[in-house]
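Residue-level structure breakdown
The residues making up each chain are set out below.
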There are 4 protein chains.
Amino acid sequence: MTADPETTLRADARRNRDQILAAAKTIFAVSGPEVPMEEIARAAGVGVGTLYRRFPDRDALVRAVAMDNFERVLIDARAIAAEETSSWRALERLLRQSVELQLSIQLAMVSHRALVILKGDPEVRRLRDEILAVVEDFVRGAQAEGVLRPDVGAGDIAILFATLLRQMRAKSSDVAEMAARRCVGIMIDGLSARPGTELPGRPIMADDLDPAADHS
Amino acid sequence: MTADPETTLRADARRNRDQILAAAKTIFAVSGPEVPMEEIARAAGVGVGTLYRRFPDRDALVRAVAMDNFERVLIDARAIAAEETSSWRALERLLRQSVELQLSIQLAMVSHRALVILKGDPEVRRLRDEILAVVEDFVRGAQAEGVLRPDVGAGDIAILFATLLRQMRAKSSDVAEMAARRCVGIMIDGLSARPGTELPGRPIMADDLDPAADHS
Amino acid sequence: MTADPETTLRADARRNRDQILAAAKTIFAVSGPEVPMEEIARAAGVGVGTLYRRFPDRDALVRAVAMDNFERVLIDARAIAAEETSSWRALERLLRQSVELQLSIQLAMVSHRALVILKGDPEVRRLRDEILAVVEDFVRGAQAEGVLRPDVGAGDIAILFATLLRQMRAKSSDVAEMAARRCVGIMIDGLSARPGTELPGRPIMADDLDPAADHS
Amino acid sequence: MTADPETTLRADARRNRDQILAAAKTIFAVSGPEVPMEEIARAAGVGVGTLYRRFPDRDALVRAVAMDNFERVLIDARAIAAEETSSWRALERLLRQSVELQLSIQLAMVSHRALVILKGDPEVRRLRDEILAVVEDFVRGAQAEGVLRPDVGAGDIAILFATLLRQMRAKSSDVAEMAARRCVGIMIDGLSARPGTELPGRPIMADDLDPAADHS
DNA sequence: GATGAATGAGTATTCATTCAT
DNA sequence: GATGAATGAATACTCATTCAT
């Protein structure tokens, strides 16, 4: 049992862990996940040793950052689900909000390294599946509402979603941030298009994402 | 003077250069642009020494791969421009075709390293601007044709375009490939949406891309 | 003053000390004297802090383990001396028994590190000298009895003795244990051989061991 | 195929390899097999990189040193076999010579680390078996000649042999060297003792050494 | 020119030891 | 006193780049 590290750690240790995670998230976002561990430690205000005590190696750290962010997305998604009565609006909000909210985690993914690390991690997958389950609800609901084109699945959304978020790196400029939001807008229009261009293949469902493993 | 390497090199040297470029493109696509130089040399069937004679350092190689790909995109774009009478159709074709055609260059960009290298390289920029000029024509034409929503600019398209292509990495599975095409489809619908959701900010033009430097 | 730690410590502190010593002895025997201090602490069921309170550094611990074992050997040797009337039999018993009894201390020596630590430590040396004194008695007695070849000294025995014991590491198998006993047997026959092959050099005495410092 | 590295390497590479091996052998003998790789490289007059190119990690180097030495022992053993008509004399010579000849390899074994590395390595085992085969011949022959006690096997000899050699570390002093020779002498007398003390267990044969893996 | 060997700076990681809780 | 968290120096190992063959 990994137990809940949130509750198990001594107060100071806990604080360090959080600082490391926060520092890593920021730095990964700015410089990718290959930055020297020492730089992360320094940014977190701890020695490398402490970093390594908490995260046995870089992969563990990348994983932890990813998990942390996925968790936030999930919490968000659930909050939205609870608040919105319209599935379409819920989906829309999730996509739009996440752009601003979740830059970081996706950023961690702008790297082969990170992708490889995350793929195949069962915990990451579990979390992802929970998120997808929520999205799937949104999709079905929005399609029933007649606002979402019927020829897309949660998988399509997830890929689109991941694709976009993945870009948002360091919001280095106003243009970049604006661009992100505009992309989402265009995509949402594309999603609600009726009739739209005929899409090739078939709707991609949450299940389809597993073997692909290249996305989300 | 770098002169035109295409014409300056002896036949065998030329062959080596091409092999290295091809190998690098493939390997970058699969494993990112941080792979050991030796691996690239091996894949190209030459010694590292030869690689270094041709490309003074990794950056030069990354640049060369990028240039090579941009060139292909440009050639494509121009061919399409010559063939299609409808600007919208031309734009559509370019976006769709490029998914399959240009994986590699974008792939080279799935990395901070590559981004940094490419940014600020005047030759790369020049080439990019030529591509953007063509796209800008398409955009204006398509808007005149009344098919493209008027609130987008070539910059929007470029970012969208780059965003998507960037995902397509190693098409590890059928689903992944299908997903790519579907994303493009949805996006195209989003682009032609009339009326669409109101987009935030203002149209992003080709010029806007320079300072942002985070995209395209 | 280190005083006699046996009497100075509080009951629980004493227990800790003993546990650490026992754990260290075992672990040194199995994995050599370079194992992480933390591993020893864990095996002893205490925190590293406690270990360090008791033994200021690794060297101190190695020394303590060695001392502890030398003491046991000395006690044994004296007990044997008291019980046996024949010096040769006493010598024989000491050698044979020690194989089973004293694995550990020798084991601690299967390492440059340990050797270096122990060499030059005056307490260790004192203890060793006491043991050698007893052995020297045995040797002289056995030679007077006419059973031990006259061309060997206590030093020869000590080296032989150390040599053999040093091998016995983790008695991973029955064969290994049997082998140890057989070696001793052969060696004892070698020692009693009359006439034996002529030995090179001259008898090595207890005194000779000091400068050599590589043995015993 | 590891091919014969002796023949495959470029002249300069070959020279470096040999220097590294020689340096490692010496340093291992003096300071054990845990010395910093850099120290070995420096002693060999090469950069660490070169060391690592030739031997992918420390284990590989330890293995190589061991192999090199085993080979020398085997060559010696065969030369002796060819020259001596008496098996007993051959055995004796092998044991005596090896003390002087093979210090190093055994030295490499004065360490848990080394033991663990070597155990289970098929090439090392193969070489060891070849040596044992020669010894086995000597043993049988010497017993037929009536000079070697009949209750010992090649395994006994090997263990005794290994045991002794293992001690001889850096011949830090004349006494140490003399001691080594004297030990061998005593052991040889022990081996030829007739009648000797009854040995416990049964003769240890070459085959017995495999599972034990703790010796030779 | 081509090759691949050598170099050594750059990083990851470990672990002895100290110190706050 | 006990504990285990934090520190950072010591080392292993990798890989870009240079250079002898």
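Chain A carries the name Helix-turn-helix domain-containing protein in an unreviewed UniProt entry, which gives Amycolatopsis mongoliensis as its organism.

A closer look at the overall build of chain A
A tally of helices and strands in chain A yields 12 helices and zero strands. Along chain A, from the amino end to the carboxyl end, the secondary structure elements read α-α-α-α-α-α-α-α-α-α-α-α. For chain A, with 216 residues in total, the buried portion stands at 56%. Counted over contacts in chain A with a minimum sequence separation of 6, partners at least 24 positions apart contribute 74%. With the model as given, the accessible surface of chain A reaches about 9200 Å², and the carbon-plus-sulfur share is 52%.

Here's the deal with the UniProt feature "DNA-binding region" (unreviewed entry) in chain A
Cross-referencing UniProt, the feature "DNA-binding region" (unreviewed entry) maps to residues 36-55 of chain A in the present numbering. In residues 36-55 of chain A, helix accounts for 75% and strand for 0%; the two terminal C-alpha atoms are 14 Å from one another.

A word on the side chain of asparagine 69 of chain B
Residue and element names in this part refer to chain B. Position of asparagine 69 among the secondary structure elements: in helix H5 (residues 58-83). Taking relative accessible area as the criterion, asparagine 69 reaches 1% and is therefore assigned buried. A distance of 3.4 Å separates the side chain of asparagine 69 from the side chain of lysine 25, its partner in a polar contact.

Section: the protein's contact with DNA strand F
Around DNA strand F sit 32 residues, and of these Asn16, Thr50 and Arg53 of chain A, Arg58 of chain B together with Arg58 of chain D come closest. Of all DNA strand F atoms lying within 4 Å of any protein atom, the proportion belonging to sugar or phosphate reaches 70%. The side chain of threonine 50 of chain A places a nitrogen or oxygen atom 2.6 Å from a phosphate oxygen of DNA strand F. Interatomic distance of 3.4 Å between a backbone N/O atom of glycine 49 of chain C and a base nitrogen of DNA strand F. Listing elements by their share of the surface near DNA strand F, those giving two or more residues are helix H2 (11-31) and helix H4 (48-54) of chain A together with helix H4 (48-54) of chain C.

Some details on the protein's contact with DNA strand E
In the vicinity of DNA strand E there are 32 residues, among which Arg58 of chain A, Arg58 of chain C together with Asn16, Thr50 and Arg53 of chain D approach most closely. Sorting the residues of the surface near DNA strand E by element identifies helix H4 (48-54) of chain B together with helix H2 (11-31) and helix H4 (48-54) of chain D as the ones contributing at least two each.

What about the pattern of salt bridges?
Opposite charge on two side chains lets them pair, provided their charged atoms get close. Counted by the stated rule, this structure contains 41 salt bridges over all chains. Put simply, aspartate 68 of chain D and lysine 25 of chain D hold a salt bridge, and the shortest N to O gap is 2.8 Å. Linking aspartate 68 of chain D in helix H5 (residues 58-83) with lysine 25 of chain D in helix H2, this pair joins segments that are 43 residues apart in sequence. Members of the salt-bridge network, linked through shared partners, are Arg78, Glu123, Arg126 and Glu130 of chain A.

Quick look at the environment of leucine 21 of chain B
Residue and element names in this part refer to chain B. As for its position among the elements, leucine 21 is in helix H2 (residues 11-31). A relative accessible area of 7% means that leucine 21 is categorised as buried. C-alpha of leucine 21 to C-alpha of alanine 44: the two residues are 23 residues apart in sequence and 8.1 Å apart in space. Apart from residues no more than four positions distant in its own chain, leucine 21 is found in contact with Phe55, Leu61, Ala64, Val65 and Asp68.

Considerations on the environment of valine 116 of chain B
Locating valine 116 of chain B in the fold gives a position in helix H8 (residues 112-118). Each C-alpha atom, one on valine 116 of chain B and one on aspartate 59 of chain B, is 9.6 Å from the other, the two residues being 57 residues apart in sequence.

Quick word on the packing of H2 of chain A against helix H5 (residues 58-83) of chain A
All names here are of chain A. At a closest axis distance of 10 Å, the pairing of H2 and H5 adopts a crossing angle of 90°. Classified by the angle their axes make, H2 and H5 are roughly perpendicular. Contacts between H2 and H5 involve Ile20, Leu21, Ala24, Lys25 and Phe28 from the former and Leu61, Val62, Ala64, Val65, Asp68, Asn69 and Arg72 from the latter. Partitioning the contact of H2 with H5 into residue classes produces eight nonpolar, one polar and three charged.

Brief notes about the environment of alanine 43 of chain B
Structurally, alanine 43 of chain B can be placed in helix H3 (residues 37-44). Put simply, alanine 43 of chain B and threonine 26 of chain B are 17 residues apart on the chain and 9.4 Å apart in space, counted from C-alpha to C-alpha.

Looking at the side chain of aspartate 121 of chain D
Residues and elements named next belong to chain D. Checked against the element boundaries, aspartate 121 lands in the loop between helix H8 (112-118) and helix H9 (122-144). Judged by its relative accessible area of 10%, aspartate 121 falls in the buried class. A polar contact of 2.8 Å, which involves the side chain of aspartate 121, links it to the backbone nitrogen of glutamate 123.

Quick word on the confidence of the model for chain A
Overall, the prediction assigns chain A a mean pLDDT of 76, with 69% of residues at 70 or greater. In this model, residues 211-216 of chain A is a region of pLDDT below 50 whose contacts with residues beyond four sequence positions or in other chains number 19 contacts.

Remarks on H2 of chain B
Residue and element names in this part refer to chain B. Over its 21 residues, H2 runs 30 Å from end to end, which matches the ideal 30 Å to within 8%, given 1.5 Å per residue. Residues of H2 that are buried: Ala13, Arg17, Ile20, Leu21, Ala23, Ala24, Lys25, Ile27, Phe28 and Ala29. Looking at the residues trailing H2, positive phi occurs at glycine 32, about 80°.

The rules behind the values
Residues numbered from 1 in each chain as written. Chains lettered and ligands numbered in written order. Predicted model: local features only at pLDDT ≥ 70, side-chain atom pairs only at ≥ 80, totals over all residues. Heavy atoms only, no water. Helix = DSSP H or I, 4+ residues; strand = E, 2+ residues; numbered from the N terminus. Buried < 20%, exposed > 50% of the residue type's maximum accessible area, 1.4 Å probe, protein only. Contact = heavy atoms within 4.5 Å. Areas by Shrake-Rupley, 256 points an atom, 1.4 Å probe, with all protein chains shown as cover. UniProt positions renumbered as here; feature names shortened; annotations may be inferred. Polar contact = N/O pair within 3.5 Å; in protein donor to acceptor, adjacent residues only side chain to side chain. Near = heavy atom within 4 Å. Salt bridge = Lys/Arg side-chain N within 4 Å of Asp/Glu carboxyl O. Axes fitted to C-alpha atoms, helices over the stretch in contact; angles between N-to-C directions. Parallel < 35°, antiparallel > 145°, perpendicular 65-115°, else oblique. Nonpolar A, V, L, I, M, F, W, Y, C, P; charged D, E, K, R; others polar. pLDDT = per-residue confidence, 0-100. Expected span 1.5 Å × (residues − 1).

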